[in-house]
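Each chain, letter by letter, is given below.
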Amino acid sequence: MGKETVLFKSEEKKASSDIANTLRQIADKIDDGTMILKQGSEEITLEFPKNMVLDLKIEEEQGKKKLKKSFEIELEWIIGEEQADGATIL
């Protein structure tokens, strides 16, 4: 297994409507093929291939007092390699 390096990370609490708007903006950028992420002086440009792996995961974690749920959306691709088509969201 290779070494993983975090190139950019952002985490902030937002209203669900703001999150939906951010996801729409990300979807448009994926469709365009390029996205630039900026945070302070940090900036990264992503070039999206035509096909990627879409990984959706829902987790539930029971703590001592609280039940925590998470919904993770992850896109994966190998540079220079096209991915096969996958599942459909209903």
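Everything discussed here concerns the structure shown above.
Treat the numbers as computed from the prediction; the structure is a model and nothing was measured.

Colleague: Explain the overall build of the protein chain residue by residue, including any values.
Modeller: Within the protein chain, the secondary structure is distributed over one helix and four strands. Taken across its 90 residues, the protein chain has 7% of its residues classed as buried. A fraction of 34% describes how many contacts in the protein chain between residues 6 or more apart in sequence connect residues 24 or more apart. Within the structure as shown, the protein chain displays about 8,700 Å² of accessible surface, and the carbon and sulfur contribution to it stands at 51%.

Colleague: Can you tell me about the environment of I36, naming the residues and giving the values?
Modeller: The topology assignment puts I36 in strand β1 (residues 34–39). For the pair I36 and E47, spaced 11 residues apart in the sequence, the C-alpha separation amounts to 9.0 Å. Discounting chain neighbours no more than four positions away, the residues touching I36 are E43, I44 and T45.

Colleague: Before we move on, can you summarise helix α1 (residues 16–32) with the specific residues and values?
Modeller: Compared with the 24 Å implied by 1.5 Å per residue over 17 residues, the 24 Å span of α1 between its first and last C-alpha is a close match. Within two residues after α1, G33 carries a phi angle of roughly 100°, on the positive side.

Colleague: Describe a nonpolar patch on the surface, listing the residues and the values that go with them.
Modeller: Residues I19, L23, L54, L56, I58, F71, I73 and L75 make up a contiguous nonpolar surface patch of about 750 Å² in total accessible area. With respect to the helices and strands, the residue L23 is situated in helix α1.

Cut-offs applied
- Residues numbered from 1 in each chain as written.
- Predicted model: local features only at pLDDT ≥ 70, side-chain atom pairs only at ≥ 80, totals over all residues.
- Heavy atoms only, no water.
- Helix = DSSP H or I, 4+ residues; strand = E, 2+ residues; numbered from the N terminus.
- Buried < 20%, exposed > 50% of the residue type's maximum accessible area, 1.4 Å probe, protein only.
- Contact = heavy atoms within 4.5 Å.
- Areas by Shrake-Rupley, 256 points an atom, 1.4 Å probe, with all protein chains shown as cover.
- Expected span 1.5 Å × (residues − 1).
- Patch = residues over 30% accessible without salt bridge, like charges linked within 9 Å, V, L, I, M, F, W, Y side chains within 5 Å.
- Salt bridge = Lys/Arg side-chain N within 4 Å of Asp/Glu carboxyl O.

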